Amino acid sequence: MLSCDICGETVTSEPDMKAHLLIVHMENEVICPFCKLSGVNYDEMCFHIETAHFEQNELERSFARINTIQIRTSDNRKDNTLQCRMEVNSSVHSACASNHPKISAQSLPNDGTLEHKTFYSENLTESRKFLKSKEKECDPSKIKGSIYETTYSSPECPFCGRIEDCSQDMENHVKTKHADLLDTPSEDRDQPLYDCPMCGLICTNYPILQEHVDLHLEESSFGHGIDRVQCSRDLELAHQLQQEEDRKRRSEESRQEMGEFQKLQRQYGLDNSGGYKQQQLRNMEIEVNRGRMHPSEFHRRKADMMESLAIGIDDGKTKTSGIIEALYRYYQNAATDVRRVWLSTGVDHFHSSFGDKGWGCGYRNFQMLLSSLLQNDAYDDCLKGMSIPCIPKIQSMIEDAWKEGFDPQGASQLNNRLQGTKAWIGACEVYTLLTSLRVKCHIVDFHKSTGPLGTHPRLFEWILNYYSSDREGSPKVMCTSKPPIYLQHQGHSRTVVGIEERKNRTLCLLIFDPGCPSREMQKLLKQDMEASNLKQLRKFVGNLKHKQYQIVAVEGVLSSEEKVARRQASQVFTAEKIP
């Protein structure tokens, strides 16, 4: 239990003491000390107390709640207290009633006691100031007839225990030092409090809590909306970045493909940089600039080239003849390690020149094959009156074959144009040109290796069967009536003019390479030819290791009807595959 040091009222807890100090001693309005009624004037409050709290309206209890003077006796407490109160009431009221504005003789009853209403004015602070001043004037030791044997107890702060000399000082102390403890009315404190489940804020009633939580939910919904918008923006940004990355990747792939395509165009002579004529003139000019060709020689060769191009016949400056005959003589007299050898009919060797270096091998091999056919009487009917054409003429002849309807797919791949380009040709173009000339031939495709380490022993066996139908009982050197074989592999082509069967039963091809210059080939024409000179012709099984080989083998002459049938068959080009 706590007792108010100002008015003496007893309360049960510290919060109730705060409320009591705030309501009773800090407000200037008139408040009922019993039921806390407020908001009425002084007379109405007196009437309220007399009617509603009559039994409680006793002078001793009311005076004790306002005064801070407590009187105690050591012997008989009831008698001394009553006697003391009577003396104090009689002396104080007689001395002070005339000076207090609210206490007058008219307000006292006939028996000299003070009614309750005289102690509740419109301003209790003013009454307390008056009582305090009169306490000093009315010293109990100076009152006549006083029977006081009491002591005075100074008020003590209910919050911190501080002791003051008088009630006014205590009130000022409480207001200044403990104002933060007095800002919550007891009525509000008695109400139930509600904790926000989201942030822990304490609300005084449920509607406020509900409104507060709704704000949380709205904020959360707004936050989720912001998150969704941000997520959508992130997805859009990621999509844009992915599109940009894909665009850059496609652009890079397209650039690389274009670079590869241009490289292939240059490699196969489709880069529109000119054809045989332009390259011939350009390379001769380089030779002149380097001092390796005299200007007069340049003009002489240029004139010969223009004449050759005009008539469409090769000038023969790269041709070497008589090699097959020289090989026959060599095998007859030497080559002791060779058991048998088969040679094709006579073939002229053609090598590349300034005009076709790097891309003209296919044309030069066709010239070799055609030179053999022109020496064979069996092909006079289809090749009557022909000469070895120059490279631009061969290009024109292939274009004419395409116009007849041969190999439309191959023509499309080369844009139906060869003249004025450095376009490569292969087995299909050679087949097309020979078929258009009514020369019977076919393509055999050795599309994968048939031996160890990527070798093609089946290719050697096929060529051996082509040149020899009966190997037993034949002489050591056999000059057959078979034309040479056009041999194509990736990036290059050559001409097979014979095959050796060695004493150890291994096979060796004899090949003319258009990349071999005339000065090397002419060494084979010497009477004292050595075996080392054959090294450039001989190719063993271990020397041919390309992934794929194709050959064009001549078999005879086509009739007009067969030519038409083969032209129709070339709409979808097929070849014999081994294996």
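By the naming in an unreviewed UniProt entry, the chain goes by Zinc finger-containing ubiquitin peptidase 1 and is assigned to Mustela putorius furo. Quoted verbatim from the Catalytic activity (unreviewed entry) field of the UniProt record, the comment on the chain reads "Thiol-dependent hydrolysis of ester, thioester, amide, peptide and isopeptide bonds formed by the C-terminal Gly of ubiquitin (a 76-residue protein attached to proteins as an intracellular targeting signal)." Annotation of the chain in UniProt includes, under Subunit (unreviewed entry), the sentence "Interacts with RPA1 and RPA2."

(A) Local environment of unusual backbone geometry. The omega torsion of the bond from isoleucine 578 to proline 579 falls at -5 degrees, within 30 degrees of zero and hence cis. Considering the arrangement of structural elements, one finds proline 579 in the segment after strand E15 (576-577). Here asparagine 415, not a glycine, exhibits a phi torsion of approximately 60 degrees, which is positive. Relative to the elements of secondary structure, asparagine 415 occurs in the loop between helix H15 (408-413) and helix H16 (427-436). Under the relative-accessibility criterion, asparagine 415 is labelled exposed at 59%. Positive phi, close to 60 degrees, is recorded for leucine 453, a residue that is not glycine. Position of leucine 453 among the secondary structure elements: in the loop between strand E8 (439-446) and helix H17 (457-467).

(B) Main features of the nonpolar core. Within the largest apolar cluster, 61 residues are counted, with the highest numbers of intra-cluster contacts made by Leu327, Tyr331, Leu434, Val439 and Phe512. By residue number, the principal contributor to this core is helix H12 (residues 361-374), which donates 6 residues. Not counting the four nearest positions on each side in its chain, leucine 434 is found in contact with Phe366, Leu369, Leu373, Val439, Cys441, Val552 and Val554. Listed in part, the 22 residues of the second largest apolar core include Trp342, Val444, Phe446 and Leu544.

(C) Quick look at the state of the cysteines. Under the criterion given, the structure shown has 0 disulfides. Distance from the sulfur of cysteine 196, which forms no disulfide, to the nearest cysteine sulfur (cysteine 199) is 3.6 Å.

(D) Broad picture of helix H14 (residues 391-404). With 14 residues, H14 extends 20 Å from end C-alpha to end C-alpha; this agrees with the ideal 20 Å at 1.5 Å per step. Of all the residues in H14, the buried ones are Ile391, Ile394, Gln395, Ser396, Met397, Ile398, Glu399, Ala401 and Trp402. Phi for glycine 405, located one or two positions after H14, is positive at around 115 degrees.

(E) Region of the structure containing the UniProt feature "domain: C2H2-type" (unreviewed entry) in the chain. Residues annotated by UniProt as "domain: C2H2-type" (unreviewed entry) correspond here to residues 4-25 and 196-216. Note that residues 196-216 is 52% helix and 10% strand, and that its end C-alpha atoms are spaced 10 Å apart.

(F) The packing of H12 against H14, seen in detail. It is the contact of H12 with H14, at a shortest axis distance of 10 Å, that shows an interaxial angle of 90 degrees. Taken together, H12 and H14 sit at an angle that is classed as roughly perpendicular. Contacts between H12 and H14 involve Tyr363, Arg364, Phe366 and Gln367 on the former and, on the latter, Ile391, Ile394 and Gln395. Per-class residue counts for the contact of H12 with H14 are 4 nonpolar, 2 polar and 1 charged.

(G) Just the pattern of salt bridges, in detail. Inspection of every chain in the model, using the stated rule, returns 21 salt bridges. Linking glutamate 287 and arginine 292 is a salt bridge whose minimum nitrogen-to-oxygen distance equals 3.1 Å. By relative accessible area, which is 15% here, glutamate 287 ends up buried. Classification of arginine 292 by relative accessible area gives exposed; the value is 54%. Ionic contacts of the salt-bridge type, sharing partners, join the residues Glu297, Arg300, Arg301, Asp304 and Lys317 into one network.

(H) Geometry of the packing of aromatic side chains. Within the structure shown, the criterion is met by 5 aromatic pairs. Ring centres 5.5 Å apart and planes at 70 degrees place the aromatic pair tyrosine 330 and tyrosine 331 in the edge-to-face group. Each of the two residues, tyrosine 330 as well as tyrosine 331, counts as buried. Through a chain of ring-to-ring contacts, three or more aromatic side chains come together here, namely Trp462, Tyr466 and Tyr467. Stacked on the ring of tyrosine 466, the Lys or Arg lysine 482 has its end atom at 4.7 Å from the ring centre.

(I) Looking closely at H16. By the criterion of burial, H16 is predominantly enclosed, with 9 of the 10 residues buried. What H16 keeps buried is the set Ala427, Glu429, Val430, Tyr431, Thr432, Leu433, Leu434, Thr435 and Ser436. Lining the buried residues of H16 we find H12, H14, E8, strand E10 (485-489), strand E14 (549-557) and helix H19 (560-569). Downstream of H16 by a residue or two, arginine 438 has a phi angle that is positive, lying close to 70 degrees.

(J) Focus on the side chain of glutamate 429. Along the chain, glutamate 429 falls in helix H16. For glutamate 429, the residues in contact, after removing those within four places along its chain, are Ile398, Trp402, Asp407 and Leu414.

(K) Expanded view of the packing of helix H9 (residues 276-289) against helix H10 (residues 295-311). The interhelical angle for the contact between H9 and H10, taken along N-to-C directions, is 170 degrees, at an axis separation of 10 Å. With respect to each other, H9 and H10 are oriented roughly antiparallel. Counting all contacts with H9, which are made through Tyr276, Lys277, Gln280, Leu281, Met284, Glu285 and Val288, the residues of H10 involved are Pro295, Phe298, Arg301, Lys302, Met305, Met306 and Leu309. Each residue belonging to the contact of H9 with H10 can be placed in one class, and the counts come to 9 nonpolar, 1 polar and 4 charged.

(L) Fine view of the pairing of strand E12 (residues 507-512). Counting buried positions along E12 gives 6 out of 6 residues, so the element sits mostly inside the fold. Side chains Leu507, Leu509 and Ile511 project from E12 onto one buried face, and the interleaved Cys508, Leu510 and Phe512 project onto a second face that is buried too. In this structure, the hairpin formed by strand E11 (residues 492-502) and E12 is closed by a connection of 4 residues, where arginine 505 is found at a positive phi of approximately 70 degrees. Alignment of E12 against strand E13 (residues 538-540), held across 3 bridges, turns out to be antiparallel. Following the sheet pairing, cysteine 508 is matched in E13 by phenylalanine 540.

Scoring rules and cut-offs
Residues numbered from 1 in each chain as written. Predicted model: local features only at pLDDT ≥ 70, side-chain atom pairs only at ≥ 80, totals over all residues. Heavy atoms only, no water. UniProt positions renumbered as here; feature names shortened; annotations may be inferred. Helix = DSSP H or I, 4+ residues; strand = E, 2+ residues; numbered from the N terminus. Buried < 20%, exposed > 50% of the residue type's maximum accessible area, 1.4 Å probe, protein only. Core = buried A, V, L, I, M, F, W, Y, C linked by side-chain atoms within 4.5 Å. Contact = heavy atoms within 4.5 Å. Disulfide = S-S within 2.5 Å. Expected span 1.5 Å × (residues − 1). Axes fitted to C-alpha atoms, helices over the stretch in contact; angles between N-to-C directions. Parallel < 35°, antiparallel > 145°, perpendicular 65-115°, else oblique. Nonpolar A, V, L, I, M, F, W, Y, C, P; charged D, E, K, R; others polar. Salt bridge = Lys/Arg side-chain N within 4 Å of Asp/Glu carboxyl O. Phe/Tyr/Trp six-rings, centres within 6.5 Å; stacked < 30°, edge-to-face > 60°. Lys NZ or Arg CZ within 6 Å of the ring centre and 35° of its normal. Pairing = 2+ DSSP bridges.

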